[in-house]
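Structure assessment
The lines below spell out each chain.
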Amino acid sequence: MFELHERLEQDSMLIGHLSLCQVRLSKDGRYPWLILIPERSGIKEIHHLSDDDQLQMMRESCQVAQIMEEVLSPDKVNVASLGNMVPQLHLHHVARFASDDAWPGPIWGAHPALLESEHELEQKSHQWQQWLSRIQGFVVA
């Protein structure tokens, strides 16, 4: 049975579901940042997924990255699976801008998280839900 790692639960909020992955919004308001988490038990790496799930995860990741690119016009969309602190497979999707405070370096460890209020998170959540509704099969949480 799928269980979300407590750190992912703590650091993000659920905004919807794709056919394989949960889509979560990072609570760090410093960057536009979504996280995809395949709803499969005990998966640490993409290559641990079935062949079909690997392809589906790549499709969903590309769809989310494309939406980020279309609606935000970032200089770069970073997609990363690190997992050093959280072993559960998850893909970060971060829209990066030459004007952001970590550019051109990585965001991890550059600055403390800028935690948003519940109101700000709700507003961003609704906006992302509208944008992601362009993806066939996206279901609002």
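Up top is the structure.
Please read these numbers as outputs of a predicted model, since none were measured by experiment.

1. Concerning helix α3 (residues 118-132)
- With 15 residues, α3 extends 20 Å between its outermost C-alpha atoms, agreeing within 8% with the 21 Å of an ideal straight helix rising 1.5 Å per residue.
- In this structure, the buried residues of α3 make contact with β1 (12-17), β2 (21-26), β3 (33-38), α2 (51-72) and β6 (139-140).

2. Brief notes about the pairing of β2
- The element β2 is largely enclosed, with a buried count of six among its six residues.
- If you look at the hairpin formed by β1 and β2, you'll find three residues sitting between the two strands.
- Taken together, the five bridges between β2 and β3 define a ladder with antiparallel strand orientation. In the sheet register, Val-23 faces β3, and the bridge partner there is Leu-36.

3. Focus: the side chain of Gln-22
- By the element assignment, Gln-22 lies in strand β2.
- Relative accessible area serves as the criterion here: at 7%, Gln-22 is assigned to the buried category.
- At 3.1 Å, the side chain of Gln-22 and the side chain of Arg-24 are in polar contact.

4. A few points about the nonpolar core
- Ranked by size, the top nonpolar core spans 26 residues in total, and within it Ile-15, Val-23, Leu-34, Trp-128 and Leu-132 carry the most contacts.
- Looking at this core, the elements that each hand over two or more residues are β1, β2, β3, α2, β5 (91-96) and α3.
- Setting aside residues no more than four positions away along its own chain, Val-23 makes contact with Met-13, Leu-14, Ile-15, Gly-16, Leu-18, Leu-34, Ile-35, Leu-36, Leu-132 and Phe-138.

5. Focus: the sheet that holds β5
- Taken in spatial order, the six strands line up as β4-β5-β3-β2-β1-β6 in an open sheet, and their pairing is antiparallel. Edge positions in the sheet fall to β4 (76-80) and β6, since each of these pairs with one other strand and no more.
- Those strands touched by α2 are β2, β3, β4 and β5, and its axis lies near 15° from that of β5.
- Relative to β1, α3 is tilted by about 25°, and along the sheet it contacts β1, β2, β3 and β6.

6. Digging into the packing of aromatic side chains
- Taken as a whole and judged by the stated rule, the model has two aromatic pairs.
- When the centroid spacing of 5.9 Å and the interplanar angle of 85° are considered together, the rings of Trp-33 and Trp-108 count as edge-to-face. Residue Trp-33 is located in strand β3, and its partner Trp-108 is located in the loop between β5 and α3; the two are separated by 75 residues in the primary sequence.
- Taking the relative accessible area as the measure of exposure, Trp-108 reaches 39% and is therefore partly exposed.
- Relative to Trp-131, the ring of Trp-128 lies with its centre 4.9 Å away and its plane at 85°, an arrangement referred to as edge-to-face. In this pair, Trp-128 and Trp-131 are both assigned in helix α3, three residues apart and thus about one turn of the helix distant.

7. A few points about the packing of α2 against α3
- Close contact between α2 and α3 brings their axes to 10 Å; oriented N to C, the two are set at 110°. The orientation of α2 with respect to α3, classified from their angle, is roughly perpendicular. Seen from above, α2 lies across α3 with right-handed handedness. Residues Val-64, Ile-67, Met-68, Val-71 and Leu-72 of α2 pack against Trp-128, Trp-131 and Leu-132 of α3.

About the thresholds
Residues numbered from 1 in each chain as written. Predicted model: local features only at pLDDT ≥ 70, side-chain atom pairs only at ≥ 80, totals over all residues. Heavy atoms only, no water. Helix = DSSP H or I, 4+ residues; strand = E, 2+ residues; numbered from the N terminus. Expected span 1.5 Å × (residues − 1). Contact = heavy atoms within 4.5 Å. Buried < 20%, exposed > 50% of the residue type's maximum accessible area, 1.4 Å probe, protein only. Pairing = 2+ DSSP bridges. Polar contact = N/O pair within 3.5 Å; in protein donor to acceptor, adjacent residues only side chain to side chain. Core = buried A, V, L, I, M, F, W, Y, C linked by side-chain atoms within 4.5 Å. Axes fitted to C-alpha atoms, helices over the stretch in contact; angles between N-to-C directions. Phe/Tyr/Trp six-rings, centres within 6.5 Å; stacked < 30°, edge-to-face > 60°. Parallel < 35°, antiparallel > 145°, perpendicular 65-115°, else oblique. Left-handed = near helix turned anticlockwise from the far one by under 90°.

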